[in-house]
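One-letter residues, chain by chain:
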Amino acid sequence: MAVFQKKRVKKNKKPYNKKLSCSLCKNGISNVSYLDIYRLKRFTSRKGKIISRFKSGNCAKHQKQISVAIKRARVLSLMPYLIKD
Ligand SMILES: [Zn+2]
């Protein structure tokens, strides 16, 4: 049974050593508003999901503000819950 099980070879796996910095801290933005859609759109994926802190490089304070702001904008239908292809 186990004959056909091959070891999975990881391809194109680069180590994630690059340390990202919070873009909002850099620009001196203290509060993120739910009306600021153009800024919030940068922190969503193509499908409309919120990008994680690990990928975007935000600090904990700003990531919480962004997630709350995106959820508020979704309720007010300023931003989509899901973008279908
Ligand atoms: Zn920050």
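Structure: see above.
Each residue is numbered by its place in its chain's sequence as written, counting from 1. With the structure being a predicted model, the display of local features is reserved for residues of pLDDT at least 70 and the display and counting of side-chain atom pairs for 80 or more, all residues being used for whole-chain, interface and lining totals. As a rule here, side-chain values cover all heavy atoms of the structure and leave hydrogens and water aside.

Topic: the overall build of the protein chain
Scanning the protein chain from N- to C-terminus turns up 4 helices and 0 strands. Here the protein chain holds 85 residues, and 24% of them are scored as buried. Two residues qualify as a contact provided that any one of their heavy atoms is within 4.5 Å of a heavy atom in the partner residue. Restricting the contact set of the protein chain to residue pairs at least 6 apart, pairs at least 24 apart contribute 61%. For the protein chain, the exposed surface amounts to about 7,700 Å²; the carbon and sulfur share of it is 55%. Numbering of helices and strands runs from the N terminus, with a helix taken as a DSSP run of H or I at least four residues long and a strand as a DSSP run of E at least two residues long. For each residue, the accessible area found with a 1.4 Å probe, counting protein chains only, is set against the maximum for its type, and the residue is called buried under 20%, exposed over 50%, and partly exposed in between. In short, Shrake-Rupley with a 1.4 Å probe defines the accessible areas, and a residue's cover is counted only from the protein chains shown.

Some words on the coordination of the zinc ion
Keep in mind that water is not among the atoms, so a site may look incomplete; donors are the N, O and S atoms within 2.8 Å of the metal, or 3.2 Å for Na, K and Ca. Donor atoms from the polypeptide that bind the zinc ion are Cys 22 (SG), Cys 25 (SG), Cys 59 (SG) and His 62 (ND1), placed at 2.0 to 2.3 Å. Around the zinc ion sit 4 donor atoms; with metal-centred angles ranging over 104 to 118 degrees, the donor geometry is tetrahedral. By relative accessible area, Cys 59 is classed as partly exposed at 23%. A site with four donors is called tetrahedral when every donor-metal-donor angle falls between 85 and 135 degrees; four donors are called square planar, and six octahedral, when opposite donors sit more than 155 degrees apart and all other angles fall between 65 and 115; any other arrangement is irregular.

Some points on the nonpolar core
Here, nonpolar core means buried Ala, Val, Leu, Ile, Met, Phe, Trp, Tyr and Cys residues that are tied together by side-chain atoms lying within 4.5 Å of each other. By size, the foremost hydrophobic cluster in this structure holds 12 residues: Cys 22, Leu 24, Ile 29, Val 32, Ile 37, Leu 40, Phe 43, Ile 66, Ala 69, Ile 70, Ala 73 and Met 79. Contributing elements (two or more residues each) for this core: α2 (37-41) and α4 (60-75). The element that contributes the greatest number of residues to this core is α4, accounting for 4 residues.

Looking at the pattern of salt bridges
Between side chains of opposite charge, a pair can form when the charged atoms approach closely. Only one rule defines a salt bridge in this text: a Lys or Arg side-chain nitrogen within 4 Å of an Asp or Glu carboxyl oxygen. The full count for this structure, using the stated rule, is 1 salt bridge. With a shortest N-O distance of 2.7 Å, Arg 39 and Asp 36 are connected by a salt bridge. Owing to a relative accessible area of 27%, Arg 39 belongs among the partly exposed residues under this scheme. Its relative accessible area of 25% is what places Asp 36 among the partly exposed residues.

Brief notes about α4
Multiplying 1.5 Å by the residue count of a helix minus one yields the expected span of that helix. The end-to-end C-alpha separation of α4 is 23 Å, in line with the 22 Å expected for 16 residues at 1.5 Å each. Elements in contact with the buried residues of α4: α1 (23-26), α2 and α3 (53-56). In the stretch just after α4, Ser 77 is the one whose phi turns positive, near 55 degrees.

Purely geometric numbers; function is a separate question.
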